[in-house]
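The primary structure of each chain is shown beneath.
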Amino acid sequence: MSPEPSEDRPGREALGRALTAGGALTPDWAPAFAAVPRSAFLPDLIWPFDMRTGRSTAVSKATAPTAWHRYADAEDAPIVTQWDDGQHPGPEPGREATSSLSMPSVVFRMLRDLDVRPTHRVLEIGTGTGWNAALLAHRAGKGNVTSIEIDETVAFTARTALDRFGAPVHVIHGDGALGHPAGAPYDRIIATCGLRSVPYAWVTQCRPGGIILAPWGTHYGAGDAVARLIVSEDGKTASGGFTGPVEFMKLRAQRRPPVPHKDYVPGSVSEGDESSTALTEDQFVGTRFSPLQFVLGLRIRDCAQVLADKRDGGRPVWLYGLTDRSWACAWFRDGAPTRVWQSGARRLWEEAEEAYGWWVGHGRPGHGRFGLTVTGEGERVWVDEPSRSWSL
């Protein structure tokens, strides 16, 4: 085994320069980046995630220390640290990643948008490894950061790492959806997990004028966008825009319900009503973080999209209703017309085409033109201004 590299090794310095050049690491957060290495919060076995291939590979600090340290400190890549809620044994990746360390660029962009100042009281939802909490503590000061983690083992491991590092963070094992009223009011609340609705408890526990920052999206897909909400002066609402696309593991209570294909389509797809569409695969599917996918989730309520792998020039795209057994399938083929089948009380493909038309008709808005308002009665999403809103 090679000797332990020093914490100021060139890889970290190069990453810091890259984050600064890209606008993620701002001068007020640079001291925290320098003082709090994420390698101090990673387990010996990690699964770095390759954004290009969508795959994770096991890397052991014991057997591959150089690679482990490169991923820990020099790569701007997410790292999975738990599979299947801790029920997965062995070094191979499990079925579902359930705890991770986010890309440094994502971490510092969110911290930048959170606008934490010294002495601010901060509530973090989702402790994970503890690295983000340690960065917050370095900025906010001793005794000002509380972090909640629903997984008891993850909470224990993070608490141990934070204590070992000397980061003054109060780690609580509990349900972050409930917040932590004993420490309220907070100046800032940040979620490191994806939401499908913002718990109103967070609004009531954040002071007027305070900021709630959280990845938010719909069950249409796995993608999120970071909502930056400001609590109103009367403390009853929180509203603000989205800063950009991300993808986070979901708050456990808000994970998408299963969509077993055979429950929707027990026989052949040809049993559905057949039609066609002029939309192409590039138009409708787009890229991983396309604003269209975000918009489709906003406009097609209670719907899940599943993209099948592309084979032999063809790709089926499925839409499943989440409140009934309505479904639709568009079969995109290179150089051929797109056939569509749908069945059920809802005409999901017609809803999808209408949503696409809405997006085009509004000038193909990106994430930054949308916003969210949270009240005690629920949530409303809006485009350009809160008065142009609709309920979800």
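Owing to the predicted nature of the structure, the values given are computational and were not obtained by experimental measurement.

Trainee: I'd like to hear about the overall build of the protein chain, residue by residue, with values.
Mentor: Scanning the protein chain from N- to C-terminus turns up eleven helices and 20 strands. For the protein chain, whose C-alpha radius of gyration is 22 Å, the value lies close to the compact-globule estimate of 21 Å for 392 residues. If one aligns the C-alpha atoms of the protein chain with their principal axes, the spans along those axes are about 65 × 55 × 40 Å. Residue burial in the protein chain is summarised as follows: out of 392 residues, 50% are buried. Partitioning the intrachain contacts of the protein chain with sequence separation of at least 6 by distance along the chain shows that 58% fall at a separation of at least 24.

Trainee: So what's going on with the confidence of the model for the protein chain? Which residues, and what values?
Mentor: Confidence along the protein chain averages 94 in pLDDT terms, with 97% of residues attaining 70 or more. Contacts for the low-pLDDT stretch residues 1-8, under 50 throughout, to residues beyond four places or in other chains number twelve contacts.

Trainee: Any chance you could break down the sheet that holds strand β7 (residues 145-149) for me, citing the residues and the numbers?
Mentor: In spatial order, the strands read β8-β7-β6-β9-β10-β11-β12-β18-β19-β20; together these ten strands make up an open sheet with mixed pairing. Either end of the sheet is taken by a strand with one partner, and the two such strands are β8 (169-173) and β20 (389-391). The sheet shows a mean angle of 20° between the axes of neighbouring strands, taken without regard to direction. On the sheet, helix α10 (residues 291-299) packs against β10 (206-216), β11 (224-231), β12 (238-246), β18 (370-375), β19 (378-383) and β20 and is oriented at approximately 40° with respect to β18.

Trainee: Pulling in residues and values, what's your account of the sheet that holds strand β15 (residues 314-321)?
Mentor: Taken together, the five strands give an open sheet; going across it, the order is β13-β17-β16-β15-β14, and neighbouring strands pair in antiparallel fashion. At either end of the open sheet lies a strand with only one pairing partner, and these are β13 (273-277) and β14 (303-307). On average, adjacent strands in this sheet sit at an angle of 20° to one another, irrespective of strand direction. Taken together, the five bridges between β14 and β15 define a ladder with antiparallel strand orientation. When the bridges of β15 are listed, V306 appears paired with W318.

Trainee: Lay out helix α6 (residues 152-165) in plain terms, naming residues and giving numbers.
Mentor: Since the α-helix turns once every 3.6 residues, residues separated by three or four places project in the same direction. Compared with the 20 Å implied by 1.5 Å per residue over 14 residues, the 20 Å span of α6 between its first and last C-alpha is a close match. Residues V154, A155, A158, A161 and L162 constitute the buried set of α6. Looking straight down α6, one finds that the buried residues subtend no more than 135° of arc, so they occupy a single side. Facing away from the buried side of α6, by more than 90 degrees, are the exposed residues E152, T153, F156, D163 and R164. Between the side-chain oxygen of the N-cap and the backbone nitrogen of T153 there are 3.0 Å, and the N-cap of α6 in question is D151.

Trainee: Outline α10, supporting the account with residue identities and numerical values.
Mentor: In terms of burial, α10 is a largely internal element, seven of the nine residues being buried. Those residues of α10 not exposed but buried are L292, Q293, F294, V295, L296, G297 and L298. Capping of α10 at its N-terminal end is provided by S290; its side-chain oxygen lies 3.1 Å from the backbone amide nitrogen of L292.

Trainee: Requested: an account of the packing of aromatic side chains, with residues and values cited.
Mentor: Tallied over the entire structure, the rule returns 17 aromatic pairs. Summarising the aromatic geometry, the rings of F242 and F294 are spaced 5.2 Å apart at their centres and angled 75° between planes, so their arrangement reads as edge-to-face. With a gap of 52 residues between them, F242 in strand β12 and F294 in helix α10 connect regions that are remote in the sequence. The two residues F242 and F294 agree in class, both being buried. Here the aromatic cluster, defined as three or more aromatic residues joined through ring pairs, consists of W216, F242, F294, W358, F370 and W390. The side chain of K61 reaches across the aromatic face of W68, ending 4.6 Å from its centre.

Trainee: Residue-level account of the packing of α10 against helix α11 (residues 348-361), with values.
Mentor: When two helices pack together, you describe them by how their axes are tilted relative to each other and by the distance separating the axes. Two elements in contact, α10 and α11, have axes separated by 9 Å at closest approach and are oriented at 120°. Classified by the interaxial angle, the pair formed by α10 and α11 is oblique. In the packing of α10 onto α11, the handedness of the crossing is right-handed. Every residue of α11 that contacts α10 at P291, L292, V295, L296 and R299 is listed here: A352, A355, Y356, W358 and W359. Residue classes in the contact of α10 with α11 are distributed as nine nonpolar, no polar and one charged.

Trainee: Tell me about the pattern of salt bridges, residues and numbers included.
Mentor: Throughout the structure, instances matching the rule amount to 22 salt bridges. D334 is paired through a salt bridge with K310; the nearest N and O atoms lie 3.0 Å apart. Placement of the pair is D334 in the loop between β16 (327-333) and β17 (338-343) and K310 in the loop between β14 and β15, with a sequence separation of 24 residues. Members of the salt-bridge network, linked through shared partners, are D85, D151, R252 and R255.

Trainee: Explain the packing of helix α4 (residues 104-114) against helix α5 (residues 131-140) to me, and be specific about the residues and the numbers.
Mentor: Two elements in contact, α4 and α5, have axes whose closest approach is 12 Å; the angle formed by their N-to-C orientations is 40°. As far as their axial angle goes, α5 and α4 are oblique. Classified by chirality, the crossing of α5 by α4 is right-handed. Where α4 approaches α5, its residues P104, V107, F108, L111 and L114 are matched on the opposing element by W131, N132, L135 and L136. A per-class count over the contact of α4 with α5 returns eight nonpolar, one polar and no charged.

Thresholds applied
- Residues numbered from 1 in each chain as written.
- Predicted model: local features only at pLDDT ≥ 70, side-chain atom pairs only at ≥ 80, totals over all residues.
- Heavy atoms only, no water.
- Helix = DSSP H or I, 4+ residues; strand = E, 2+ residues; numbered from the N terminus.
- Rg over C-alpha atoms; globule rule 2.2 N^0.38 Å.
- Buried < 20%, exposed > 50% of the residue type's maximum accessible area, 1.4 Å probe, protein only.
- Contact = heavy atoms within 4.5 Å.
- pLDDT = per-residue confidence, 0-100.
- Pairing = 2+ DSSP bridges.
- Axes fitted to C-alpha atoms, helices over the stretch in contact; angles between N-to-C directions.
- Expected span 1.5 Å × (residues − 1).
- Arc of directions from axis to C-beta.
- Polar contact = N/O pair within 3.5 Å; in protein donor to acceptor, adjacent residues only side chain to side chain.
- Phe/Tyr/Trp six-rings, centres within 6.5 Å; stacked < 30°, edge-to-face > 60°.
- Lys NZ or Arg CZ within 6 Å of the ring centre and 35° of its normal.
- Parallel < 35°, antiparallel > 145°, perpendicular 65-115°, else oblique.
- Left-handed = near helix turned anticlockwise from the far one by under 90°.
- Nonpolar A, V, L, I, M, F, W, Y, C, P; charged D, E, K, R; others polar.
- Salt bridge = Lys/Arg side-chain N within 4 Å of Asp/Glu carboxyl O.

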